[in-house]
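Summary of structural features
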2 protein chains.
Amino acid sequence: MDGQIKEMIARVKEKADAAGGLKGVYFVACGGSQAAIYPAKYLLDAEAKDIGAKIYNSNEFVHHPPRSLDARCLVICCSLKATAETVRAVEVAKRSGAITIAMTGSPDTGMAGAGEHVVVYSNGDAPIYSEGNQAKALRIGFEILQQFENYPHYDAAMAAYAKLDDLVESGKKKLRPLAERFAAEYANDAIFYVLGAGPLYGTAYSMANCHLMEMQWRHAVLVHSGEYFHGPFETTDKDLPMILLMSTGATRYLDERVLAFLKTYAGRYMVVDAAEVLGDALDANIAEYFNSVVMVPLERHIVATMAERRGHSMDERRYMWKVDY
Amino acid sequence: MDGQIKEMIARVKEKADAAGGLKGVYFVACGGSQAAIYPAKYLLDAEAKDIGAKIYNSNEFVHHPPRSLDARCLVICCSLKATAETVRAVEVAKRSGAITIAMTGSPDTGMAGAGEHVVVYSNGDAPIYSEGNQAKALRIGFEILQQFENYPHYDAAMAAYAKLDDLVESGKKKLRPLAERFAAEYANDAIFYVLGAGPLYGTAYSMANCHLMEMQWRHAVLVHSGEYFHGPFETTDKDLPMILLMSTGATRYLDERVLAFLKTYAGRYMVVDAAEVLGDALDANIAEYFNSVVMVPLERHIVATMAERRGHSMDERRYMWKVDY
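The following refers to the structure shown.

Conventions used here
- Residues numbered from 1 in each chain as written.
- Chains lettered and ligands numbered in written order.
- Predicted model: local features only at pLDDT ≥ 70, side-chain atom pairs only at ≥ 80, totals over all residues.
- Heavy atoms only, no water.
- Least-squares fit on C-alpha atoms with pLDDT ≥ 70 in both.
- Contact = heavy atoms within 4.5 Å.
- Buried area = accessible area lost by both parts, 1.4 Å probe.
- Salt bridge = Lys/Arg side-chain N within 4 Å of Asp/Glu carboxyl O.
- Helix = DSSP H or I, 4+ residues; strand = E, 2+ residues; numbered from the N terminus.
- Phe/Tyr/Trp six-rings, centres within 6.5 Å; stacked < 30°, edge-to-face > 60°.
- Buried < 20%, exposed > 50% of the residue type's maximum accessible area, 1.4 Å probe, protein only.
- Lys NZ or Arg CZ within 6 Å of the ring centre and 35° of its normal.
- Pairing = 2+ DSSP bridges.
- Axes fitted to C-alpha atoms, helices over the stretch in contact; angles between N-to-C directions.

**Some details on the relation of the copies chain A and chain B**
Between chain A and chain B, which share one sequence, the superposing operator has a rotation angle of 180° and an axial displacement of 0.0 Å; the RMSD is 0.0 Å. This pairing of chains is accounted for by a two-fold axis. Every residue of chain A has its C-alpha some distance from the rotation axis, and the shortest such distance is that of Val 221 of chain A, at 2.4 Å. Both copies present the same face, since 100% of the interface residues in chain A are matched by interface residues at the equivalent positions in chain B.

What follows is the structure in structure tokens.
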């Protein structure tokens, strides 16, 4: 698997170099798949010296493709099966001359048929997280950094993969009491604020949009930890249910500032801390980039624990795949 | 004013060219100021051929500046007075060798002291919107496109500025019945969904984070129109208050798709349509980029109409500028 992505990026590099170099990497997806590719976009934004990165909702990309799109761009689209607008996004990208990678759940999906390159990721009820959508998107990101810019922490990043699945498993055990307490205390609440920043902003997006809104029909206000103090904090009071995702790494200060405020002004908040889960298992230079690979399964586990208590299955939908939209 | 920004970008170009060309433009701000620079970031994302664009919350930028930051970058920071982390962002950018522009409310602010270049914008209780933060950030964007890439619609864009203030004024009259109805029907609701996409995504951010949460202490769930169907729509029912901002231009399809769904499955929604406000006043090639300059004052006007009815002043705060945070 490692080998497949390494070889694929070598071919991407050949083609991009022939076109004049890699100008940018554009990530395109919807919903949970967009949250899953966010960490790779975040990695390139943070670590690339000369390669731009953008992220798009699929239909925004399809209906308003950026004028910059050309043979010097790599477009990475992600959909488990074949979300119509994400398949169209691959086609729009190909027509522009861009290099395309389709990330998808099996070699037989409509997505797999569309991309110039295809990356299949682990999924389903018992996914291997170290080979899931987030982990593979990140691996593509690290390969790009390594092959185009000789990234100094590439070996440390590759070494991390062997530890991810154990970290999710031990994390579930560590957070079990928290999940139980959350389920007991918040089962009847209709609205939640979900805060995160840096490498966990995509995780906060996933928790709010996919797990609370889609799968539990609870309202969820997503707030960037750094933006909280510039508007949203005015609604905070002792009764409002709030969930703070704390990341490791350089942006942790933003979460700590929120936590200090919550301690004084909030009354019902839960902290889900990546530092507690990761300990010092991963190299400090790259640990933050893996935060979400471990934390998305854990925040989902927390919501799923509440789902059981509520008797509202995470699989229940009223509109998705059921009505026309 | 036009002349000042034109001359400023000419100096930016000289310096960037000497460093090897302009690699990227990074926009940095918090809250309402971040919403105000979003349209310029959107413009560059859509129209620039070779110049990347990023947007950051100030503290995320300060604590985790991107490795790409160097003399080939232009960093545009925006704060009305001197938000501490935004002033620090200017300093971080300067230390990296990047060219900096500080956008601020008067020549005497802490922000004005920090930037290599300074742009002062109209503000206060009766701002001139065509010279406000959004309009000036956009003008910087259009100048960059013109001077670096010979943008074909530059003249049309410049011609639009003379019409913006009249469009806001006539828009307030046109939307008055809508604002009154909104105030009457939604004054007692505690939660709102705000939907938008493309050029109005920043406007939706402003309405949710600044006007509903900060200034009215109402919960507001911000949803991208294209993402709505990939999770958040599961909470929609006949009782949920929803506000759909519809933009003109290529991404309007995303809003129309939401509207079709709301007509069937929602019961209490309000549509605020830029097409109704703008008519055909602006050149079709650039109209979408000015959507938010006109629509932010109008969505604010709608919330302010509700504020009067509720007897909750838009100026009331419980934490901002009052407690330590």
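Don't stop here, the text continues.
**What to know about the interface of chain A and chain B**
Chain A puts 69 residues into the contact, and the matching count from chain B is 69 residues. Of the roughly 5900 Å² buried at the junction of chain A and chain B (both faces included), carbon and sulfur atoms supply 53%. Run the count over chain A and chain B and you get ten salt bridges. Between Asp 50 of chain A and Lys 23 of chain B there is a salt bridge, and its shortest N-O distance comes to 3.6 Å. Those elements giving two or more residues to the side of chain A that touches chain B turn out to be helix H2 (31–47), strand E2 (52–57), helix H3 (58–63), strand E6 (191–196), helix H9 (201–216), strand E7 (219–224), helix H10 (252–265) and helix H12 (287–310) of chain A. It is H2 of chain A that contributes the most residues to the side of chain A that touches chain B, six residues altogether.

**Brief notes about the packing of aromatic side chains**
Given two aromatic rings, one states the distance between the centres and the angle between the planes to describe the pair. Applying the stated rule across the entire model yields 46 aromatic pairs over all chains. Ring geometry for Phe 233 of chain A versus Tyr 319 of chain B: centroids 5.6 Å apart, planes at 45°, classification tilted. One end of the pair, Phe 233 of chain A, is in the loop between E7 and strand E8 (241–246); the other, Tyr 319 of chain B, is in the segment after helix H11 (287–310), on a second chain. Tyr 319 of chain B gets classed as buried once you look at its relative accessible area, which sits at 7%. Lying over the aromatic face of Phe 148 of chain A, Lys 13 of chain A brings its terminal NZ or CZ to 5.5 Å of the ring centre. Sitting over the ring of Tyr 161 of chain B, Arg 139 of chain B keeps its end group 3.9 Å from the ring centre.

**Considering the sheet that holds strand E1 (residues 24–29) of chain B**
Residues and elements named next belong to chain B. Taken together, five strands build an open sheet; the order of strands is E2-E1-E3-E4-E5 and the sheet is parallel. Because the sheet does not close on itself, it has two edges, and the strands there are strand E2 (52–57) and strand E5 (117–120). The sheet shows a mean angle of 20° between the axes of neighbouring strands, direction not considered. Pairing analysis gives six bridges linking E1 to E2, with the strands arranged parallel. Pairing of Ala 29 across the sheet is with Asn 57, part of E2. Across the sheet, helix H4 (residues 84–95) touches E1, strand E3 (73–78) and strand E4 (99–104), and the angle it forms with E3 is around 165°.

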